[in-house]
Amino acid sequence: MSRAWLLRLVIAFSFAQGAVSMARPAVSYRALALGADERAVGVIAGVYALLPLFAAVPLGRRTDHGRCAPLLPVGVVLIAGGCALSGLADTLVAMAAWSGVMGLGHLCFVIGAQSIVARQSAPEDQDRNFGHFTIGASLGQLVGPIAAGALIDGQDMAGTSALALLVSAGVCALAVTSLWRIETRRTRPGARAKDAARVPVHRILRTRGVPGGIFISLAVLSATDILTAYLPVVGEHRGIAPSVVGVLLSLRAGATIACRLVMTPLINWLGRTALIATTCLLAALLCAGIALPVPVWALGVMLVVLGFCLGVGQPLSMTTVVQAAPAEARSTALALRLTGNRLGQVAAPASAGLIAGVAGTAAPFVMLGGLLLVAAGLGIRGGLGRGSVPKRSWVPRLRRREKERQRH
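Right, let's get into the nonpolar core. By size, the foremost hydrophobic cluster in this structure holds 105 residues, and its most contacted members are Leu9, Phe133, Leu306 and Leu372. By residue number, the principal contributor to this core is helix 1 (residues 4-33), which donates 15 residues. When residues no more than four places from it in sequence are discounted, the contact partners of Leu306 are Leu227, Ala283, Leu286, Cys287 and Ile290.

Nonpolar side chains collect at one region of the surface, where Ile146, Val247, Leu251, Leu282, Leu285, Trp297, Val301, Val304 and Val305 lie side by side and expose about 800 Å² of accessible area between them. Within the residue set of the nonpolar patch, elements represented by two or more residues are helix 11 (242-261), helix 13 (272-290) and helix 14 (296-324). It is helix 14 that provides the largest number of residues to the nonpolar patch, a total of 4 residues. With respect to the helices and strands, Val301 occurs in helix 14.

Mapped onto the secondary structure, Pro293 falls in the loop between helix 13 and helix 14. Considered as a pair, Pro293 and Arg238 are 55 residues apart in the sequence and their alpha carbons are 8.4 Å apart.

Between helix 4 (residues 71-88) and helix 5 (residues 92-120), whose axes approach to 7 Å, the crossing angle comes to 160°. The angle between helix 4 and helix 5 places the two elements in the roughly antiparallel class. The hand of the helix 4/helix 5 crossing is left-handed.

Take the state of the cysteines next. The full count for this structure, using the stated rule, is 0 disulfides. Not engaged in a disulfide, the cysteine Cys172 finds its nearest cysteine sulfur in Cys83; these two sulfurs lie 6.3 Å apart. A residue is classified by how much of its surface remains accessible, and Cys172, at 0% relative accessible area, is buried. We note that Cys280 lacks a disulfide partner, and the nearest cysteine sulfur, in Cys309, lies 8.7 Å from it.

The rules we used
Residues numbered from 1 in each chain as written. Predicted model: local features only at pLDDT ≥ 70, side-chain atom pairs only at ≥ 80, totals over all residues. Heavy atoms only, no water. Core = buried A, V, L, I, M, F, W, Y, C linked by side-chain atoms within 4.5 Å. Buried < 20%, exposed > 50% of the residue type's maximum accessible area, 1.4 Å probe, protein only. Helix = DSSP H or I, 4+ residues; strand = E, 2+ residues; numbered from the N terminus. Contact = heavy atoms within 4.5 Å. Patch = residues over 30% accessible without salt bridge, like charges linked within 9 Å, V, L, I, M, F, W, Y side chains within 5 Å. Areas by Shrake-Rupley, 256 points an atom, 1.4 Å probe, with all protein chains shown as cover. Salt bridge = Lys/Arg side-chain N within 4 Å of Asp/Glu carboxyl O. Axes fitted to C-alpha atoms, helices over the stretch in contact; angles between N-to-C directions. Parallel < 35°, antiparallel > 145°, perpendicular 65-115°, else oblique. Left-handed = near helix turned anticlockwise from the far one by under 90°. Disulfide = S-S within 2.5 Å.

Structure, rendered in structure tokens:
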């Protein structure tokens, strides 16, 4: 079957994620210009995930009951509106509220898009298709921070950050240009609704592989989120210009794209479990290393390697959750994964703000290191369910050779 739908989905996701990635540092800079301290920046970053925290499971249930595609334009409207109104807001409370609207729009788009990939991909293609799908996010994360850094001027931070937010709203609106004929495989809504209603949330959460996939996704996304929100704060304290911070964030995103382009060979070589455990462990060490007062070039190298490591967790946790969950409740399982992500996005920035206020702006990265260490431990324990064995690793080859010798 043609994968043109996947290409269109990647393009739309690139615009939507580019707008969000452009808006998040712009929100931080505008909040600083309005008098926010580290704690307030953390609270505003946390509100971005607050509304989605309560909306994810109902949206997942609704998607299991019917079509996924209608959530995509709804998400685009909410993201664009949240970006534009954040740029026009002149109080921290208003900025926090519109940041929440932006987060709700991002949730709608991502639930609809991930459900489309899960529904239209054969099981053996899910790792590849989810990897290609998340390239859209990485492209947005690559371009968005550079655009924000180019627009935001330290001499007029309030005005230029507002301009960056308005531009990000226009970028998001471009996503609608490729939202056509994406959901090509139809389902039986009535039968799906009947089956999905029988699968309680606690049963999904108790399925082997689902909790581990949710926590790993939470840890990786929290690292990405705090990097985006707090690297501008670190840059301010270390005298790094906003344009340089934008380039650093984009280097991380570029490395993530590179990782996802070679995802299939990496899985075939190491297997899902070993790949996730190794990359989470290395990412933990690198996150803690950002707390050190290293020069800008060394920080860039660390972020490139970190971006490559963080590129593994999101697509493989999607596949893990989809393959482990009951077939009739996969969208709900993906929504639970996103609920975990949003819980991390609420708790991690708020915790980072408190830690930064007490121990300095670099301390949140040490916290991220600890979170990723726990994720690596889950990967080592093998709590990732089915599909964690390499498809063409040396282990199956040895088994096949042994069987052939026994036949002869």
